[in-house]
Amino acid sequence: MPVVLVTDVLVWLLAAAVAGFVLYCRRRPHLAAPWSRVFRNPAAMASLVFLALYVALGLLDSVHFRPVLERKTEASRTAYSSDVLSALDVMLSHLRGRSEKTYSAPLATRSYAKEQLELPDGRQLREFPRLRFGGAHLKDEAEHAADVAKRAAAGLVAAGLLWAAFGVVVRRLKRRNPAVPWLPAYLALGVIFMLAGPAVALSSGYHVLGTDKVGQDVLYLALKSVRTSLVIGTVTTLVLLPLGIALGVMAGYFKGWVDDLIQYFYTTLNSIPGVLLIAAFVLMLQVVMERNADFFPTAAHRADVRLLALCAILGLTSWTGLARLLRGESLKLSGLEYIQAAHAFGVSDARILARHILPNVAHIVIIALVMDFSGLVLAEAVLSYVGVGVDPSTISFGTMINAARMEMGREPVVWWSLAAAFVFMFVLVLAANLFADAVRDGFDPRVRIGAVAA
Amino acid sequence: MLAYLVRRVLYAIPILIGVNLITFALFFVVNTPDDMARMQLGSKRVTPEAIEKWKAERGYDLPLLWNSGAAGAAKATQTIFFQKSAKLFVFEFGASEDQRDIGTEIRARMWPSLALALPVFLVGLAVCITFALLMAFFRASYLDLSGVVLCVAMMSISTLFYIIGGQYIASKLWHLVPISGYAGGLDAQRFLVLPVVIGVVSGIGASSRWYRTIFLEEIGKDYVRTARAKGLAEGTVLFRHVLKNALIPILTGVVVVIPLLFLGSLLSESFFGIPGLGSYTIDAIQAQDFAVVRSMVFIGSLLYIAGLILTDISYTVVDPRIQLQ
């Protein structure tokens, strides 16, 4: 039975909107020009490949359904599980289903914790037990290293072949569009293949990144966290954009008491320290959700509403920056001759705003959007640590770090879940930052002139 | 100047009233005190008597805005709004969930917070300006490029990782400093070294990159060309002319955070167990202590507004051409 979560709808709508925007820009040279400058940036192309991978993961993870439970008799009604799964869960079912009892190191065959074992002859023994799934196919543990090497090599070879096949495609693209630096993108793709190939090959027999405290596969958790980050980074803008654009442009254009009012409004919001304001909102949200606990059919719905509300709260508290930028810019624009000319022709305010002001501040909006993304992803982790982030049952980088931070004190150190969260998050944020820089350079005329002069 | 300041301070009052109204709306209208009581008392099947008792103990058993049952001026004062929100203006914060006076607590916790935040601020400023100046000196070279790449990479790491990683390496592997804790007086430095270093390092990426662009903007100006044309060495040009002028936007940009240093750092304090306002806030959020969160929101915005006024003053101090009227 398909399950439609609100954030799924929004994520897919956003994806469709971006695709539509791309098509729209392609047709219009003045819009396509800054983008083509972005795509000439080698770092941007490489980070775009990584971002595309993350987006693909996020989109796959945004198709949810409830699996059918086995029917007992032909006549009985089909019953659905109360677990909500996503398309990504199905693809990763071998990771999701095979959980151990507790921690185990990456690629390990034995558990992290000793257990009381009973030997066949009745003697008791305190030993590290073999894992239920990790390396369970090995009859003799002496083969462990050889088996790992064999699988990794097979994965590498397969990935290498696939990568080489992609080389043909890239060469064709290069011939069609020689100005774009395809090589960095191709190399980035190679890095992904070389890491993913062995990981896929090994994941059928081992826990590639180990397991966490309750025995869940860390690789699975890391892949699932991607969606949460993407939702926070993108859905937030749905709240932030209308508020920031409308209020910012209006303040700069109408001036007078409208400006005073809007300025008062955002200075007030701004003056409350960010985390505190978010915390206050989220605390209130928790109370409201507690009061209406029966409203949610499954735990997934509940977690989803919490995630959505978090996005709304982040948007409500962070539109002020964009509004201030837009206010300054439209204040400047509204004094220019062509706007005065429009006034003189008797063009209405609404039309001037839509036809003359908005298109001329669009670049600021685009820059602010891509710049905000990485900050939001980082904020999620901090908020989840503080306890005002996503629902504790939602898998996210924040909850992963939160669960992992006590593990550094263990002996031997449980480093893998923290390391996995670190690498996945670092790559996402770094790629977003690099891409955002390229977008800013491509769209901001001031920077371009500066670059020419320097 | 004085008249301007008075006006700025007066202008702060409506903003504080706004903040007060927002928090009042969030904490008392969206959620009634009954909800808070239920949340605090835990279970859903809590008796109405227990809720009444909880509310009476904390003074929440009053009407929100207008007490028609009281006499005279008490109609307005015997209300939640007056008792809980309006009293923030005279720094009466009331008691926290564990019945301790929030005002005393804040006054005591302010100093550990400052002891951590002030060094982070000053050392961080010095380190980032130096780093940015070096990048500007070697501009458009591979050194500069790798510096920028390093900055972007450092920006992309969550503060949580800096703290966890730093604690692990310095305290667990090298046993240089205690993992967490705090002591009063001079003894505090033992506990503060690591959080300060981590605070500085985690801020390098974003700040240095920002300062670097300011330096580069300054280097492109005419007076710099003149200085070079006079035959001044590049180092002299940078230190004598560019640094001084670029400090104007940098310093006026950071002045706004100075009052906020009293609030301390949320994450460092709670990870390192420093009994400052940051950890106080986090504990309050996690314990859902609404009274404390409300007080911290008010103090935070008060300090932010103080920062804005300081910023305006700093403009006139560093640039005599700007006159405030």
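Here the structure is a predicted model, which means the values were calculated and not measured.

What counts, and where the lines are drawn
Residues numbered from 1 in each chain as written. Chains lettered and ligands numbered in written order. Predicted model: local features only at pLDDT ≥ 70, side-chain atom pairs only at ≥ 80, totals over all residues. Helix = DSSP H or I, 4+ residues; strand = E, 2+ residues; numbered from the N terminus. Rg over C-alpha atoms; globule rule 2.2 N^0.38 Å. Buried ≥ 20, exposed ≤ 12 C-beta atoms within 10 Å, placed from the backbone. Contact = placed C-beta atoms within 7 Å. Pairing = 2+ DSSP bridges. Axes fitted to C-alpha atoms, helices over the stretch in contact; angles between N-to-C directions. Parallel < 35°, antiparallel > 145°, perpendicular 65-115°, else oblique. Nonpolar A, V, L, I, M, F, W, Y, C, P; charged D, E, K, R; others polar. pLDDT = per-residue confidence, 0-100. Left-handed = near helix turned anticlockwise from the far one by under 90°. Core = buried A, V, L, I, M, F, W, Y, C linked by C-beta atoms within 7 Å.

Describe in detail the overall build of chain B, supporting the description with residues and values.
When its secondary structure is counted, chain B shows 14 helices and zero strands. Starting at the N terminus, the α and β elements of chain B follow one another as α-α-α-α-α-α-α-α-α-α-α-α-α-α. Scaling as 2.2 N^0.38, a compact globule of 325 residues should have a C-alpha radius of gyration of about 20 Å, whereas chain B reaches 25 Å, well beyond that. With the C-alpha coordinates aligned to their principal axes, the bounding extent of chain B is approximately 85 × 60 × 35 Å. When each of the 325 residues of chain B is scored for burial, the buried share is 36%. Sequence separation of 24 or more characterises 67% of the internal contacts of chain B that already satisfy a separation of 6 or more.

Tell me about the overall build of chain A, and please be specific about residues and values.
Helix and strand content of chain A: 16 helices and five strands. Counting only C-alpha atoms, chain A reaches 100 × 60 × 55 Å along its principal axes. The 454 residues of chain A split such that 41% are buried.

Can you tell me about the sheet that holds strand β2 (residues 64-65) of chain A, naming the residues and giving the values?
Residue and element names in this part refer to chain A. Taken together, three strands build an open sheet; the order of strands is β1-β2-β3 and the sheet is antiparallel. Edge positions in the open sheet fall to β1 (2-3) and β3 (85-86), since each of these has one partner strand only. Taken together, the two bridges between β1 and β2 define a ladder with antiparallel strand orientation. Of the residues in β2, the one forming a bridge with V3 is H64.

Mind laying out the packing of helix α10 (residues 274-291) of chain A against helix α1 (residues 2-30) of chain B, listing which residues take part and the relevant values?
It is at 10 Å that the axes of α10(A) and α1(B) come closest, and there the two elements cross at 10°. Classed by the angle they form, the pair α10(A) and α1(B) counts as roughly parallel. On α1(B), the residues that touch A:A280, A:F281 and A:M284 of α10(A) are B:T23, B:L26 and B:V30. Its residues assigned to classes, the contact of α10(A) with α1(B) shows five nonpolar, one polar and no charged.

Account for helix α10 (residues 222-229) of chain B, with residues named and values stated.
Burial analysis of α10(B) places just zero of its eight residues in the buried class, which makes it a mostly uncovered element. The positive-phi residue at the C-terminal boundary of α10(B) is B:G231, with phi of around 95°.

Can you lay out the confidence of the model for chain A for me, pointing to particular residues and giving the numbers?
Mean pLDDT over chain A: 85, with 96% of residues reaching 70 or higher. In this model, residues 449-454 of chain A is a region of pLDDT below 50 whose contacts with residues beyond four sequence positions or in other chains number two contacts.

Summarise the packing of helix α8 (residues 218-254) of chain A against helix α15 (residues 416-443) of chain A; cite the residues concerned and give the values.
All names here are of chain A. Relative to each other, α8 and α15 sit at 35°, their axes nearing to 10 Å. As for how α8 packs across α15, the hand of that crossing is right-handed. Touching V218, L219, A222, S225, V226 and S229 of α8 are W416, S417, A420, A421, F424 and L428, all from α15. Each residue belonging to the contact of α8 with α15 can be placed in one class, and the counts come to nine nonpolar, three polar and no charged.

Explain the pairing of strand β5 (residues 124-127) of chain A residue by residue, including any values.
Residue and element names in this part refer to chain A. Pairing of strand β4 (residues 115-118) with β5 involves four bridges; the strand directions are antiparallel. Paired with E118 across the bridge in β5 is Q124. Taking the residues between adjacent antiparallel strands as the criterion, β4 and β5 are bridged by five residues, where G122 takes a positive phi near 95°.

Mind laying out the environment of A:K255, listing which residues take part and the relevant values?
The residue A:K255 is located in the loop between α8 and α9 (256-271) in this model. C-alpha separation for the pair A:K255 and A:W415, spaced 160 residues apart in sequence, amounts to 55 Å.

Just give me the short version of the interface of chain A and chain B, but keep the residues and values in it.
It is common to report an interface's size as the accessible area lost on association of the parts. On the chain B side, the residues contacting the 37 residues of chain A number 38 residues. The set of elements that each furnish at least two residues to the side of chain A that touches chain B consists of α9, α10, α13 (349-386) and α15 of chain A. If one sorts the elements of the side of chain A that touches chain B by residue count, α10(A) sits on top with 10 residues. Residue composition of the side of chain A that touches chain B, by class: 28 nonpolar, six polar and three charged.

Report on the environment of A:S47, specifying residues and quantitative values.
Residues and elements named next belong to chain A. Secondary-structure assignment places S47 in helix α3 (residues 42-60). For S47, a count of 25 C-beta atoms within 10 Å gives the class buried. Along the chain, S47 and A436 lie 389 residues apart, while their C-alpha atoms are 9.9 Å from each other. Among residues more than four places away in sequence, those in contact with S47 are A431, L434 and F435.

Hey, could you go over the confidence of the model for chain B for me, with residue numbers and the actual values?
In the predicted model, chain B carries a mean pLDDT of 83, and the fraction of residues at 70 or more is 94%. Two numbers describe this predicted complex: its pTM, 0.89, and its ipTM, 0.85.

A description of helix α13 (residues 277-286) of chain B should follow, citing residues and the corresponding values.
Along α13(B), eight of the 10 residues are buried, which leaves the element largely enclosed by surrounding structure. Turning to α13(B), its buried residues are B:L277, B:G278, B:S279, B:Y280, B:T281, B:I282, B:A284 and B:I285. Here the buried face of α13(B) lies against α10 and α13 of chain A together with α6 (102-137), α12 (266-272) and α14 (290-318) of chain B. Positive phi appears at B:Q288, one or two residues downstream of α13(B), with a value of about 55°.

Which residues make up the nonpolar core, and what values go with them?
Residues A:I278, A:A279, A:A280, A:A421, A:F435 and B:V293 are the most contacted members of the largest nonpolar core, which totals 176 residues. Counting residues in each nonpolar core, the second largest holds 14 residues, with B:C128, B:I129, B:Y211 and B:I214 among its members.

I'd like a rundown of unusual backbone geometry, residues and numbers included.
If you check the backbone angles, A:K255 has positive phi at about 55° while not being a glycine. Even without glycine at this site, B:A140 takes up a positive phi of about 60°. In this fold, B:A140 is placed in the loop between α6 and α7 (142-155). Looking at B:A140, the number of C-beta atoms within 10 Å reads 9, which means it is exposed.

Which residues make up the environment of B:Q40, and what are the values?
Residue and element names in this part refer to chain B. As for its placement among the helices and strands, Q40 is situated in helix α2 (residues 33-41). Judged by local crowding, Q40 falls into the partly exposed class, with 16 C-beta atoms found within 10 Å. Once you skip the residues sitting within four places of it in the chain, Q40 turns out to touch W54, E97 and Q288.

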